[in-house]
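Next come the chains, spelled out residue by residue.
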Amino acid sequence: MATGFSSDTGDALGDIQIFRASGEFVAFKDLWDQEEGTAVVALLRHFGCPCSWELAAQLKDVKPRFDSAGVKLIAVGIGTPDNAQLLAQRLPFPTDCLYADPERKAYSLFDLYYGFGRTFFNPASRKVLSRFTALRKATENYTIKATPDDRSSVLQQGGMFVFKGKQLLYARKDEGTGDHASLDEVFDVCCKVPTA
């Protein structure tokens with residue numbers, strides 16, 4: 001399930017520095033046990049994207065399930081820690097697993113899709129229409145103020161990744177806006193490996 005990625009992806013990701021929602025720098029390698037730990041890394045689009053709020057709401061709902069299986073949930077969005085705080089406060093979302101990648105370093109490492117066509121015209125983006133009720137509920141307290149100042153960031157797509165230590169077990173690039181991975185499928189991948 002992680003085809004198309006090099007075997008050293010985990011090492012390369014580990015060296016990337018991002019921000020905690022509280023504002024401190026942290027390296028990916030410090031977010032989970034790099035020897036035995038299992039982690040789900042959800043790269044949201046940007047903090048001002050309603051579809052990112054929808055995915056964050058879903059992640060919040062399944063977090064206890066991942067926690068009970070010993071899986072670390074890591075949600076990363078594009079923007080500043082202040083943007084992350086807006087989502088965390090208004091959704092709400094737990095800040096202990098929320099991180100900001102304002103320079104899109106992790107997104108570049110995974111070569112996630114980017115561009116106007118992907119964002120607005122990709123057929124995969126239509127999937128969100130079937131989830132209109134969930135999207136509406138997740139965005140009840142939405143604010144566009146969570147959008148990053150770098151407006152080109154709104155053209156970045158996200159993805160979902162599962163690691164066992166540094167080994168990449170699962171990788172899925174979002175084809176378009178709102179084209180998220182199945183969290184049941186992600187959980188199944190996590191449960192096929194012994195967890196710490």
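Residues numbered from 1 in each chain as written. Predicted model: local features only at pLDDT ≥ 70, side-chain atom pairs only at ≥ 80, totals over all residues. Heavy atoms only, no water.

A separate point is unusual backbone geometry. Put simply, Leu91 and Pro92 share a cis peptide bond, and its omega is -10°. Relative to the elements of secondary structure, Pro92 occurs in the loop between helix H3 (81–90) and strand E5 (98–100). (Helix = DSSP H or I, 4+ residues; strand = E, 2+ residues; numbered from the N terminus.)

A separate point is the packing of aromatic side chains. Per the counting criterion, the structure on display carries five aromatic pairs. Consider the rings of Trp53 and Tyr142, whose centres lie 5.2 Å apart with planes at 70°: the pair is edge-to-face. With a gap of 89 residues between them, Trp53 in helix H2 (residues 50–68) and Tyr142 in the loop between helix H6 (132–138) and strand E6 (159–164) connect regions that are remote in the sequence. On the basis of relative accessibility, which here comes to 0%, the residue Trp53 falls in the buried class. When its relative accessible area of 24% is taken as the criterion, Tyr142 is described as partly exposed. Centroid distance Phe66 to Phe187: 5.3 Å. Interplanar angle 80°. Geometry classified as edge-to-face. (Phe/Tyr/Trp six-rings, centres within 6.5 Å; stacked < 30°, edge-to-face > 60°. Buried < 20%, exposed > 50% of the residue type's maximum accessible area, 1.4 Å probe, protein only.)

With respect to the helices and strands, Gly158 occurs in the loop between H6 and E6. Residue Gly158 is classed as buried on the basis of its relative accessible area of 0%. Between the C-alpha atom of Gly158 and that of Asp174, which follows or precedes it by 16 residues, the distance is 5.5 Å. Beyond its immediate stretch of four places on either side in the chain, Gly158 contacts Leu43, Leu44, Arg45, Tyr107, Leu112, Lys173 and Asp174. (Contact = heavy atoms within 4.5 Å.)

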